[in-house]
Amino acid sequence: MTVSTPGPGFRPRAALAMSPEAAAAVLDPESLDALAALCDLTPPPALDDFTTPRARAVLAHVDLLVTGWGCPPLDEDTLAAAPRLRAVVHTAGSVRGHITDACWERGIEVSSAASANAVPVAEYTLAMILLTGKHVLERARAYRATRTRDDWLRTPRTIGNHRRTVGILSASLTGRRVIELLHPHDLHLLLHDPYVTDADAAELGVERVELEELFARSDTVSVHTPLLPATRGLVSRELVEAMRPGAVLINTARGAVVDQDALTEAAAAGRIRAVVDVTDPEVLPPGHPLWDCDNVLLTPHLAGSQGNEWRRLADLALAEAARWASGAGFLHPVRRERLAFQA
(Lines give C-alpha, C1' and ligand atoms only; values in the text may rest on other atoms or scores of the structure.)
Protein backbone atom coordinates (compact mmCIF):
# COMPACT_ATOMS: atom_id res chain seq x y z
CA MET A 1 0.00 0.00 0.00
CA THR A 2 1.31 3.42 -1.00
CA VAL A 3 0.61 6.27 1.42
CA SER A 4 1.02 9.81 0.10
CA THR A 5 2.69 12.51 2.17
CA PRO A 6 0.83 15.74 2.96
CA GLY A 7 2.14 18.62 0.89
CA PRO A 8 1.38 20.68 -2.23
CA GLY A 9 -1.09 18.82 -4.42
CA PHE A 10 -1.97 16.23 -1.76
CA ARG A 11 -5.70 15.49 -1.67
CA PRO A 12 -6.55 13.35 1.35
CA ARG A 13 -9.39 10.93 1.59
CA ALA A 14 -11.55 12.00 4.48
CA ALA A 15 -14.66 10.97 6.36
CA LEU A 16 -16.84 12.37 9.11
CA ALA A 17 -16.96 10.50 12.42
CA MET A 18 -19.55 11.81 14.89
CA SER A 19 -23.23 11.48 15.66
CA PRO A 20 -25.62 12.44 12.86
CA GLU A 21 -27.00 15.17 15.10
CA ALA A 22 -23.53 16.67 15.67
CA ALA A 23 -22.73 16.54 11.97
CA ALA A 24 -25.97 18.32 11.05
CA ALA A 25 -25.43 20.96 13.74
CA VAL A 26 -21.76 21.81 13.21
CA LEU A 27 -21.24 21.21 9.50
CA ASP A 28 -23.77 23.13 7.45
CA PRO A 29 -23.97 22.57 3.66
CA GLU A 30 -21.50 25.38 2.96
CA SER A 31 -18.96 23.85 5.35
CA LEU A 32 -19.43 20.42 3.81
CA ASP A 33 -18.91 21.86 0.33
CA ALA A 34 -15.69 23.55 1.50
CA LEU A 35 -14.46 20.29 3.01
CA ALA A 36 -15.32 18.37 -0.15
CA ALA A 37 -13.36 20.91 -2.20
CA LEU A 38 -10.32 20.23 -0.04
CA CYS A 39 -10.41 16.44 0.04
CA ASP A 40 -12.16 13.37 -1.29
CA LEU A 41 -14.91 13.34 1.31
CA THR A 42 -17.01 10.26 1.93
CA PRO A 43 -20.61 11.42 1.59
CA PRO A 44 -22.73 11.55 4.77
CA PRO A 45 -24.03 10.04 6.94
CA ALA A 46 -21.16 10.41 9.37
CA LEU A 47 -19.68 7.31 10.94
CA ASP A 48 -21.02 6.79 14.46
CA ASP A 49 -20.24 3.07 14.72
CA PHE A 50 -16.86 1.84 13.50
CA THR A 51 -17.91 -1.83 13.47
CA THR A 52 -20.43 -1.73 10.60
CA PRO A 53 -19.55 -3.00 7.12
CA ARG A 54 -19.91 0.51 5.69
CA ALA A 55 -17.61 1.96 8.34
CA ARG A 56 -14.99 -0.73 7.71
CA ALA A 57 -15.08 -0.03 3.97
CA VAL A 58 -14.64 3.71 4.57
CA LEU A 59 -11.90 3.29 7.17
CA ALA A 60 -9.86 1.10 4.84
CA HIS A 61 -9.08 4.09 2.61
CA VAL A 62 -9.28 7.15 4.84
CA ASP A 63 -6.30 9.47 5.50
CA LEU A 64 -8.13 12.02 7.64
CA LEU A 65 -11.06 11.80 10.04
CA VAL A 66 -13.10 14.88 10.87
CA THR A 67 -14.57 14.02 14.25
CA GLY A 68 -17.14 15.57 16.56
CA TRP A 69 -19.48 14.88 19.45
CA GLY A 70 -20.51 11.24 19.44
CA CYS A 71 -17.40 9.88 17.72
CA PRO A 72 -16.69 6.31 18.91
CA PRO A 73 -13.26 5.54 20.40
CA LEU A 74 -10.43 5.11 17.91
CA ASP A 75 -9.12 1.98 19.57
CA GLU A 76 -6.65 -0.62 18.32
CA ASP A 77 -9.31 -2.59 16.49
CA THR A 78 -10.57 0.50 14.67
CA LEU A 79 -7.08 1.64 13.76
CA ALA A 80 -6.27 -1.80 12.40
CA ALA A 81 -9.15 -1.28 9.99
CA ALA A 82 -7.79 2.17 9.05
CA PRO A 83 -4.20 1.54 7.93
CA ARG A 84 -3.92 4.87 6.04
CA LEU A 85 -5.25 7.10 8.83
CA ARG A 86 -2.74 9.85 9.55
CA ALA A 87 -4.69 12.69 11.18
CA VAL A 88 -7.80 13.59 13.16
CA VAL A 89 -9.41 17.03 13.11
CA HIS A 90 -11.91 17.39 15.96
CA THR A 91 -14.74 19.90 15.54
CA ALA A 92 -15.30 20.21 19.30
CA GLY A 93 -13.17 20.64 22.42
CA SER A 94 -11.97 17.64 24.40
CA VAL A 95 -10.61 14.63 22.51
CA ARG A 96 -10.55 12.35 25.56
CA GLY A 97 -13.68 10.50 24.49
CA HIS A 98 -12.29 9.13 21.23
CA ILE A 99 -8.51 9.58 21.02
CA THR A 100 -6.91 6.56 22.68
CA ASP A 101 -3.35 5.52 23.50
CA ALA A 102 -3.40 3.52 20.27
CA CYS A 103 -3.71 6.78 18.32
CA TRP A 104 -0.63 8.26 19.95
CA GLU A 105 1.32 5.04 19.49
CA ARG A 106 0.43 5.08 15.79
CA GLY A 107 1.71 8.66 15.58
CA ILE A 108 -1.60 10.06 14.41
CA GLU A 109 -1.69 13.86 14.43
CA VAL A 110 -4.61 15.38 16.32
CA SER A 111 -6.16 18.84 16.22
CA SER A 112 -9.01 20.25 18.30
CA ALA A 113 -11.38 23.21 18.02
CA ALA A 114 -11.11 23.81 21.77
CA SER A 115 -9.83 27.35 21.26
CA ALA A 116 -12.89 28.19 19.14
CA ASN A 117 -15.26 26.64 21.67
CA ALA A 118 -13.61 28.69 24.43
CA VAL A 119 -14.82 31.94 22.86
CA PRO A 120 -18.56 31.68 23.66
CA VAL A 121 -17.83 30.23 27.10
CA ALA A 122 -15.68 33.25 27.88
CA GLU A 123 -18.32 35.63 26.51
CA TYR A 124 -20.99 34.00 28.68
CA THR A 125 -18.69 34.23 31.69
CA LEU A 126 -17.99 37.92 31.10
CA ALA A 127 -21.70 38.62 30.85
CA MET A 128 -22.43 36.75 34.07
CA ILE A 129 -19.62 38.46 35.99
CA LEU A 130 -20.97 41.88 35.05
CA LEU A 131 -24.65 40.99 35.54
CA THR A 132 -24.11 39.44 38.96
CA GLY A 133 -21.94 42.38 39.99
CA LYS A 134 -24.97 44.63 39.44
CA HIS A 135 -27.29 42.06 41.12
CA VAL A 136 -29.36 42.18 37.95
CA LEU A 137 -31.26 38.93 38.46
CA GLU A 138 -32.30 39.68 42.02
CA ARG A 139 -33.23 43.29 41.30
CA ALA A 140 -35.21 42.36 38.19
CA ARG A 141 -37.11 39.77 40.23
CA ALA A 142 -37.89 42.36 42.93
CA TYR A 143 -38.94 44.91 40.29
CA ARG A 144 -41.37 42.44 38.76
CA ALA A 145 -42.80 41.58 42.18
CA THR A 146 -43.24 45.14 43.45
CA ARG A 147 -43.83 47.03 40.17
CA THR A 148 -41.95 49.94 41.77
CA ARG A 149 -38.44 51.26 41.38
CA ASP A 150 -36.20 51.12 44.42
CA ASP A 151 -34.45 54.20 45.73
CA TRP A 152 -31.43 54.00 43.46
CA LEU A 153 -29.54 56.67 45.40
CA ARG A 154 -29.54 54.29 48.36
CA THR A 155 -28.03 51.41 46.39
CA PRO A 156 -25.58 49.56 48.69
CA ARG A 157 -21.92 49.96 47.82
CA THR A 158 -21.68 46.18 47.64
CA ILE A 159 -23.51 46.44 44.29
CA GLY A 160 -21.63 47.36 41.13
CA ASN A 161 -18.55 46.37 39.14
CA HIS A 162 -16.14 49.18 40.01
CA ARG A 163 -12.93 47.66 41.41
CA ARG A 164 -14.51 44.33 42.22
CA THR A 165 -12.12 41.42 42.67
CA VAL A 166 -12.59 38.55 40.24
CA GLY A 167 -10.79 35.26 40.78
CA ILE A 168 -10.08 32.97 37.83
CA LEU A 169 -9.51 29.31 38.61
CA SER A 170 -7.19 27.91 35.90
CA ALA A 171 -5.45 29.61 33.01
CA SER A 172 -7.01 27.20 30.56
CA LEU A 173 -7.92 28.29 27.03
CA THR A 174 -11.22 29.57 28.38
CA GLY A 175 -9.67 31.06 31.51
CA ARG A 176 -7.16 33.02 29.46
CA ARG A 177 -9.88 34.28 27.13
CA VAL A 178 -11.94 35.41 30.14
CA ILE A 179 -8.94 37.30 31.50
CA GLU A 180 -8.51 38.99 28.14
CA LEU A 181 -12.17 40.04 28.02
CA LEU A 182 -12.09 41.34 31.59
CA HIS A 183 -9.10 43.64 31.12
CA PRO A 184 -11.06 46.60 29.67
CA HIS A 185 -13.17 46.67 32.83
CA ASP A 186 -12.14 48.29 36.11
CA LEU A 187 -11.64 45.04 37.99
CA HIS A 188 -8.83 43.45 39.99
CA LEU A 189 -8.01 40.01 38.64
CA LEU A 190 -6.67 37.11 40.68
CA LEU A 191 -5.55 33.80 39.20
CA HIS A 192 -4.82 30.40 40.66
CA ASP A 193 -3.12 27.89 38.41
CA PRO A 194 -0.28 25.72 39.75
CA TYR A 195 1.40 25.73 36.34
CA VAL A 196 1.51 29.52 36.00
CA THR A 197 4.60 31.36 37.24
CA ASP A 198 4.77 34.90 38.58
CA ALA A 199 6.26 35.95 35.25
CA ASP A 200 3.39 34.29 33.38
CA ALA A 201 0.89 36.02 35.66
CA ALA A 202 2.50 39.39 35.05
CA GLU A 203 2.25 38.83 31.31
CA LEU A 204 -1.43 37.92 31.71
CA GLY A 205 -2.01 41.03 33.83
CA VAL A 206 -3.26 39.15 36.89
CA GLU A 207 -2.15 38.57 40.47
CA ARG A 208 -1.19 34.95 41.05
CA VAL A 209 -2.47 33.60 44.37
CA GLU A 210 -2.86 30.29 46.14
CA LEU A 211 -6.17 28.45 45.93
CA GLU A 212 -7.44 29.34 49.40
CA GLU A 213 -6.61 33.01 48.89
CA LEU A 214 -8.46 33.09 45.58
CA PHE A 215 -11.71 32.06 47.28
CA ALA A 216 -11.22 34.21 50.38
CA ARG A 217 -10.45 37.45 48.50
CA SER A 218 -12.68 37.29 45.44
CA ASP A 219 -16.09 38.90 45.02
CA THR A 220 -16.59 36.51 42.11
CA VAL A 221 -14.82 33.21 41.44
CA SER A 222 -15.06 31.77 37.93
CA VAL A 223 -14.13 28.11 37.48
CA HIS A 224 -12.34 27.13 34.27
CA THR A 225 -10.32 24.09 35.26
CA PRO A 226 -10.78 20.93 33.20
CA LEU A 227 -12.21 17.85 34.88
CA LEU A 228 -9.25 15.55 35.55
CA PRO A 229 -8.65 13.00 38.31
CA ALA A 230 -6.70 15.67 40.20
CA THR A 231 -9.43 18.32 39.84
CA ARG A 232 -12.51 16.28 40.77
CA GLY A 233 -13.94 18.01 43.83
CA LEU A 234 -11.19 20.64 43.69
CA VAL A 235 -13.63 23.35 44.79
CA SER A 236 -14.13 21.79 48.20
CA ARG A 237 -16.50 22.55 51.03
CA GLU A 238 -13.70 24.42 52.77
CA LEU A 239 -13.19 26.69 49.78
CA VAL A 240 -16.92 27.36 49.39
CA GLU A 241 -17.13 28.21 53.09
CA ALA A 242 -14.16 30.58 52.72
CA MET A 243 -16.00 32.74 50.18
CA ARG A 244 -17.11 36.23 51.21
CA PRO A 245 -20.79 36.67 52.14
CA GLY A 246 -22.64 37.55 48.94
CA ALA A 247 -19.79 36.42 46.71
CA VAL A 248 -20.56 34.67 43.41
CA LEU A 249 -19.35 31.28 42.19
CA ILE A 250 -19.57 30.79 38.42
CA ASN A 251 -19.00 27.32 37.00
CA THR A 252 -18.87 26.82 33.24
CA ALA A 253 -16.30 24.01 33.41
CA ARG A 254 -17.64 20.68 34.72
CA GLY A 255 -20.02 20.02 37.56
CA ALA A 256 -17.80 17.48 39.28
CA VAL A 257 -15.05 20.06 39.81
CA VAL A 258 -17.21 21.63 42.54
CA ASP A 259 -18.51 20.09 45.77
CA GLN A 260 -22.13 20.46 44.70
CA ASP A 261 -23.58 19.70 48.12
CA ALA A 262 -21.49 22.44 49.71
CA LEU A 263 -22.45 24.90 46.98
CA THR A 264 -26.14 24.04 47.36
CA GLU A 265 -26.08 24.48 51.13
CA ALA A 266 -24.25 27.82 50.97
CA ALA A 267 -26.54 29.20 48.26
CA ALA A 268 -29.74 27.94 49.91
CA ALA A 269 -28.66 29.60 53.16
CA GLY A 270 -28.29 32.90 51.29
CA ARG A 271 -24.59 33.14 52.06
CA ILE A 272 -23.30 33.08 48.46
CA ARG A 273 -24.73 33.38 44.97
CA ALA A 274 -23.96 31.14 42.01
CA VAL A 275 -24.19 30.82 38.25
CA VAL A 276 -24.22 27.10 37.50
CA ASP A 277 -24.06 26.06 33.84
CA VAL A 278 -22.81 22.53 34.58
CA THR A 279 -23.92 20.08 37.24
CA ASP A 280 -23.18 16.54 38.38
CA PRO A 281 -25.16 14.83 37.03
CA GLU A 282 -26.52 16.66 34.05
CA VAL A 283 -29.52 17.01 34.37
CA LEU A 284 -30.14 17.34 38.13
CA PRO A 285 -32.92 15.21 39.62
CA PRO A 286 -36.30 17.02 39.64
CA GLY A 287 -36.29 17.47 43.41
CA HIS A 288 -32.79 18.88 43.73
CA PRO A 289 -32.70 22.10 45.82
CA LEU A 290 -30.76 24.04 43.18
CA TRP A 291 -33.84 24.14 40.95
CA ASP A 292 -35.68 26.35 43.43
CA CYS A 293 -32.80 28.34 44.90
CA ASP A 294 -33.27 32.07 44.33
CA ASN A 295 -29.54 32.66 44.79
CA VAL A 296 -28.64 30.41 41.85
CA LEU A 297 -28.96 30.90 38.10
CA LEU A 298 -29.09 27.36 36.75
CA THR A 299 -28.59 27.00 32.98
CA PRO A 300 -28.48 23.85 30.81
CA HIS A 301 -24.80 23.71 29.75
CA LEU A 302 -25.38 26.46 27.21
CA ALA A 303 -22.20 28.51 27.61
CA GLY A 304 -20.36 26.50 24.94
CA SER A 305 -20.90 26.75 21.20
CA GLN A 306 -24.53 26.66 20.12
CA GLY A 307 -26.57 27.88 17.15
CA ASN A 308 -24.60 30.17 14.85
CA GLU A 309 -21.51 29.69 17.06
CA TRP A 310 -21.08 26.19 15.61
CA ARG A 311 -19.81 27.82 12.44
CA ARG A 312 -16.72 28.97 14.34
CA LEU A 313 -15.92 25.31 15.11
CA ALA A 314 -16.42 24.29 11.49
CA ASP A 315 -14.26 27.11 10.18
CA LEU A 316 -11.40 26.21 12.51
CA ALA A 317 -11.63 22.53 11.56
CA LEU A 318 -11.60 23.39 7.86
CA ALA A 319 -8.55 25.60 8.29
CA GLU A 320 -6.75 22.85 10.20
CA ALA A 321 -7.58 20.24 7.56
CA ALA A 322 -6.24 22.56 4.85
CA ARG A 323 -3.03 23.21 6.78
CA TRP A 324 -2.45 19.51 7.37
CA ALA A 325 -3.09 18.58 3.75
CA SER A 326 -0.65 21.27 2.59
CA GLY A 327 2.08 19.92 4.84
CA ALA A 328 2.07 23.00 7.10
CA GLY A 329 0.94 21.07 10.18
CA PHE A 330 -1.77 21.92 12.66
CA LEU A 331 -2.05 25.36 14.23
CA HIS A 332 -4.05 23.88 17.14
CA PRO A 333 -2.45 20.50 17.81
CA VAL A 334 -3.29 18.30 20.76
CA ARG A 335 -0.14 16.90 22.35
CA ARG A 336 -0.12 13.62 24.23
CA GLU A 337 2.16 15.03 26.92
CA ARG A 338 -0.32 17.85 27.61
CA LEU A 339 -3.35 15.63 28.14
CA ALA A 340 -2.71 15.44 31.89
CA PHE A 341 -3.53 19.16 32.07
CA GLN A 342 -6.29 19.42 29.46
CA ALA A 343 -9.91 18.47 29.27
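This report concerns the structure included in the present document.

Procedures and definitions
- Residues numbered from 1 in each chain as written.
- Predicted model: local features only at pLDDT ≥ 70, side-chain atom pairs only at ≥ 80, totals over all residues.
- Heavy atoms only, no water.
- Salt bridge = Lys/Arg side-chain N within 4 Å of Asp/Glu carboxyl O.
- Buried < 20%, exposed > 50% of the residue type's maximum accessible area, 1.4 Å probe, protein only.
- Helix = DSSP H or I, 4+ residues; strand = E, 2+ residues; numbered from the N terminus.
- Pairing = 2+ DSSP bridges.
- Axes fitted to C-alpha atoms, helices over the stretch in contact; angles between N-to-C directions.
- Parallel < 35°, antiparallel > 145°, perpendicular 65-115°, else oblique.
- Contact = heavy atoms within 4.5 Å.
- Nonpolar A, V, L, I, M, F, W, Y, C, P; charged D, E, K, R; others polar.
- 1 Å grid on protein atoms, 1.4 Å probe; cavity = no way out; pocket = protein on both sides within 12 Å on 5 of 7 lines; lining within 4 Å.
- Points joined across faces, edges and corners; volume = space filled by probe spheres on them.
- Left-handed = near helix turned anticlockwise from the far one by under 90°.

1. Looking at the pattern of salt bridges
(1) Moving on: One pass over the structure, following the stated rule, counts 16 salt bridges.
(2) Moving on: Between Glu210 and Arg208 there is a salt bridge; the shortest N-O distance is 4.0 Å.
(3) Moving on: Among the residues examined, Glu210 registers a relative accessible area of 46% and is labelled partly exposed.
(4) Moving on: A salt bridge links Glu265 to Arg237, with the shortest nitrogen-to-oxygen separation between them at 2.8 Å. Here Arg237 lies in helix H11 (residues 237–242) and Glu265 lies in helix H12 (residues 260–268), a separation of 28 residues in the sequence.
(5) Moving on: Each of Asp28, Glu30, Arg311 and Asp315 takes part in a single network of salt bridges with overlapping partners.

2. Focus: the sheet that holds strand S8 (residues 207–208)
Two orientations exist for strands paired in a sheet by backbone hydrogen bonds: parallel and antiparallel.
(1) Moving on: The seven strands are arranged S8-S7-S6-S9-S10-S11-S12 in an open sheet whose pairing can be described as parallel. Looking along the sheet, the strands with just one partner apiece sit at the ends: S8 and strand S12 (296–298).
(2) Moving on: Both strand S9 (residues 220–223) and strand S10 (residues 248–251) contribute to a ladder of four bridges, which runs parallel. What sits directly across from Ser222, in S10, is Ile250.

3. Considering the packing of helix H2 (residues 29–38) against helix H13 (residues 310–326)
(1) Moving on: Two elements in contact, H2 and H13, have axes whose closest approach is 10 Å; the angle formed by their N-to-C orientations is 0°. Here H13 runs roughly parallel to H2, going by the angle between their axes. For the pair formed by H2 and H13, the contact residues are Glu30, Ser31, Ala34, Leu35 and Leu38 on the first element and Arg311, Ala314, Leu318, Ala321, Ala322 and Ala325 on the second.
(2) Moving on: The residue makeup of the contact of H2 with H13, split by class, is eight nonpolar, one polar and two charged.

4. Some thoughts on the sheet that holds strand S2 (residues 40–41)
(1) Moving on: One open sheet accounts for five strands, arranged S2-S1-S3-S4-S5; its pairing is parallel. Either end of the sheet is taken by a strand with one partner, and the two such strands are S2 and strand S5 (109–112).
(2) Moving on: Bridge analysis of strand S3 (residues 64–67) against strand S4 (residues 87–90) gives four bridges, and the strand direction is parallel. Note that in S4 the partner of Leu65 across the bridge is Val88.
(3) Moving on: In the packing of H13 onto the sheet, contacts are made with S3, S4 and S5, and the angle to S4 comes to roughly 160°.

5. A short note on the layout of surface pockets
(1) Moving on: A volume near 220 Å³ is recorded for the second largest pocket.
(2) Moving on: If you go around the second largest pocket, the residues you meet are Val136, Arg139, Ala140, Ala142, Tyr143, Thr146, Thr148, Arg149, Asp150 and Trp152.
(3) Moving on: Broken down by class, the residue content of the lining of the second largest pocket amounts to five nonpolar, two polar and three charged.

6. So, the packing of helix H6 (residues 114–133) against helix H8 (residues 173–182)
(1) Moving on: At a minimum axis distance of 8 Å, the contact between H6 and H8 shows a crossing angle of 45°. Judged by the angle between their axes, H6 and H8 are oblique. When you trace H6 past H8, the crossing you get is right-handed. Residues Ala114, Ser115, Ala118, Val119, Val121, Ala122, Glu123, Thr125, Leu126 and Ile129 of H6 form the contact with H8, whose participating residues are Leu173, Thr174, Arg177, Val178, Leu181 and Leu182.

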